[in-house]
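Structural features, examined
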Amino acid sequence: MWDDAFPSFLIGLREGLEAGLIVSILVATLVRAGAKSRLPQVWTGVLAAVALAMSFGAVLTFSAASMSGTAQEAFGGTLSVIAVAFVTAMVFWMRRSARSLSGEIKEKVTGALAMGAGMLVVTSFLAVGREGLETALFLWTTARAAGESAGPMIGAGVGIVIAAGLCWGLYRRVLKINLTKFFTVTGAVLIVIAAGVLGYGLRDLQEGGVLPGKTAYAVDLGQSIDPGAWYSTLVQGVFNLTPTMTWLQVVAYAGYLGVVMTLFVRGVRTAAVKPAKPAESAKSPEPAAEGGPAEKPAEPAADGKPAEPAAPARRRPAWVIPAAVVAVPAVVAGAVVAFGGSKPADAQTVAVSEKECGKGFTAPKPGRQTFQMHNTGDKASEVYLIDPASNAVYGEIEGLAPGTTRDLVATVAGGSYAWRCVPTGGKAVTSASVRVSGGAAGKAVVPVSEADLAAPLTSYKQYVNQGLTTLVAQTKQLSDDIAGGNLDAARTDWLTAHRTYASLGAAYGTFQDFDKKINGRTAGLPDGVTDKDFTGFHRVEYGLWHGQSASDLAAPAARLAEDVTGLQKAFPTQDFDPADLPLRTHEILENTLQFELTGDADQGSGTTLATADANLAGTRELLGVLRPLLASRDAQLLPGVDADIDRVQKLLDSAHHGQSWTPVDKLDAISRARLNGATGQLLEDLAPVPDLLEIRKSA
């Protein structure tokens, strides 16, 4: 998480220290002037600035959430570019102002004291508010880039806490920091980070259709760099550099970094050689240097007589003003979210139930639309936006609870549309249809029924039956090898049998308890490899490659052969859910990436790449039986998947040498990264298969 946290930690530390220094100088100036009674006015302004910053962040978050996907990309990209502009200006301003910050703030405080309480509140609010808004904007962009990671918020929080501690130490004179050097170093680092944010923002604008060049790639290292590796995650989290970048991103990144860093370094050198003014040279920029004897009390009036005390004014409760200035930004933000961001423009509220399915639905305009689906019934329900002629699905929501409302986003084009509501345990109901004119035909998914999957399921069952017949003979041979004391032959036959079992991946869920007995790992077993429940292929593997004798392995090998025979007999009567077929196209290789390509499944043989090869063969077989259904629903999917499979196969073949396989931990870093990257890309391209072939009720 540190890779996502570091940029936000730095901005929290720097902006927090900048705002904290200003507050420290405000407080120190008032204390020196004998005006401690005015300190609540400073804290009122500070609280108002914090409330404004938090409210600004809330508005950004909820406003973006109510937009379509494309609009979110454009909105986020625009704010990323704005954030870069603010951060750049802040870096240069602080580089110039660090030396004279104390004097400027003292002048403002002196003026505010003369003008009354309100001006002191305004002074502290403006002094801290700018940093707060900059921080909120920058954190929003970095948090959006990090996705679901909590790293940016944690990093910012830690940075702000440390900044507060440093400011307290400076004020209490227990710390000394060369602030000019601090802001120079952190400024240079922030410029590098801002260059990455700029590239990320421009990519969002390309994804949102605001800028061209979405597919014009200058760098495409997706097949040679593992995006999940620690170094990839670190570089992407800190610098926002990804394995694939467009020409616009690369040019903007290099141009910004070259120009801004050059100007920044040149300004630092100029400031270093410029002689300091006498008045400034005696000053220290830290609040710690602001101490000294308290200023004299106010002088008497010009005529020498004591000033007349002012008439006592009616005092309002001390909490009224702070509560008001903190509440106002929150109330305004709530109003913006409630009336400006919670419901997309032209969003229709559509009823979902057996009796009112589609109520409130009128012909929408072409384009990306958001429908607010409200369950008015007493049962949880599924709801689909369909073409009533073909039952093709444009959008769906599953598990919509009674009395709740959720958004359904779909792209609408020319054609007929209707709603299909499917209450749990109830009968599917289809609403009246509407006709939309204009635009090309919309993209929809033709629903799949159990009948559609019947033929693929039958074919795959035959494949599994044949595989189990082969596996029974192979595990018996393995058991005979060990019983005869021929452990060298047993090692060869073990790998052959294990690869056969691994190629039956789509049936693992159907095998029920047999899979745990035949291919279970040590995870969850209290005694690990010595646990009595550790059985099957991996138990035999451990013994064969850890020097156990034939007599030690005879019982585990015989039990493995017995369990495989039991599975063969049980399989024809086991319930094979047709919905498992589409799911397994993704899950087989997902497990491969998690266990085989990390080496976690290895019990000493070093053959996890051979198992990965068998898993790939099983995936290829599964796609073969599903190919007709997939081709009719997404003609572009299979060519890309086939190319991905060939790429992974080629990388696995390069680790296969006759009868031996390179252990995964012996692969060089580049080969391992390429294999992980290619498998990850294949998984990404397989991800739509379960949605395309999901069984949906059509009546």
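These numbers were taken from a predicted model, which means no experiment stands behind them.

**Some details on the overall build of the protein chain**
What the protein chain contains, in helices and strands, is 21 helices and 12 strands. Split into buried and exposed, the 699 residues of the protein chain put 46% on the buried side. A fraction of 76% describes how many contacts in the protein chain between residues 6 or more apart in sequence connect residues 24 or more apart. When the accessible surface of the protein chain is split by element, carbon and sulfur atoms take 59% of a total near 33,700 Å².

**Some remarks on the pairing of strand 3 (residues 348–352)**
Most of strand 3 sits inside the fold, with four of its five residues counted as buried. Of the strand pairs in this sheet, strand 3 and strand 4 (residues 367–375) are connected by five bridges, and their pairing is parallel. What sits directly across from Ala-351, in strand 4, is His-374.

**Things to note about the pattern of salt bridges**
Overall, the coordinates contain 13 salt bridges when judged by the stated rule. The salt bridge partner of Arg-584 is Asp-580, with a shortest N-O separation of 3.6 Å. Placement of both Arg-584 and Asp-580 in helix 17 (residues 580–596) is noted, with a separation of four residues, approximately one turn of the helix. The same class applies to Arg-584 as to Asp-580, namely buried. The partner of Asp-646 in a salt bridge is Arg-620, with the nearest N and O atoms 3.8 Å apart. Linking Asp-646 in helix 19 (residues 637–653) with Arg-620 in helix 18 (residues 608–633), this pair joins segments that are 26 residues apart in sequence. Judged by relative accessible area, Asp-646 falls into the partly exposed class, the value being 46%. Assessed through its relative accessible area of 36%, Arg-620 is described here as partly exposed. Linked by salt bridges that have partners in common, Asp-580, Arg-584 and Glu-587 make up one network.

**Here's the deal with the nonpolar core**
Membership of the largest hydrophobic core comes to 67 residues, with the highest contact counts inside it found for Ile-482, Phe-511, Leu-609 and Leu-630. If we skip the residues at most four places from it in the chain, Leu-609 touches Leu-597, Leu-652, Ala-655, Trp-661, Thr-662, Val-664, Leu-667 and Leu-675. Counting residues in hydrophobic clusters, the runner-up holds 25 residues, among them Val-84, Val-87, Met-90 and Ile-193.

**A short note on unusual backbone geometry**
Not every positive phi belongs to a glycine, and Asn-391 is a case in point at roughly 65°. As for its position among the elements, Asn-391 is in the loop between strand 5 (381–386) and strand 6 (393–400).

**Quick word on the sheet that holds strand 3**
Read across the open sheet, the three strands follow the order 3-4-7; overall the sheet is mixed. Strands at the two margins of the open sheet, each flanked by one partner only, are strand 3 and strand 7 (405–412). Across this sheet, the average inter-strand angle for adjacent strands is 35°, counted without regard to direction. In terms of strand pairing, strand 4 meets strand 7 through eight bridges, oriented antiparallel. Within strand 7, the position partnered with His-374 by the bridge is Thr-405.

The rules we used
- Residues numbered from 1 in each chain as written.
- Predicted model: local features only at pLDDT ≥ 70, side-chain atom pairs only at ≥ 80, totals over all residues.
- Heavy atoms only, no water.
- Helix = DSSP H or I, 4+ residues; strand = E, 2+ residues; numbered from the N terminus.
- Buried < 20%, exposed > 50% of the residue type's maximum accessible area, 1.4 Å probe, protein only.
- Contact = heavy atoms within 4.5 Å.
- Areas by Shrake-Rupley, 256 points an atom, 1.4 Å probe, with all protein chains shown as cover.
- Pairing = 2+ DSSP bridges.
- Salt bridge = Lys/Arg side-chain N within 4 Å of Asp/Glu carboxyl O.
- Core = buried A, V, L, I, M, F, W, Y, C linked by side-chain atoms within 4.5 Å.
- Axes fitted to C-alpha atoms, helices over the stretch in contact; angles between N-to-C directions.

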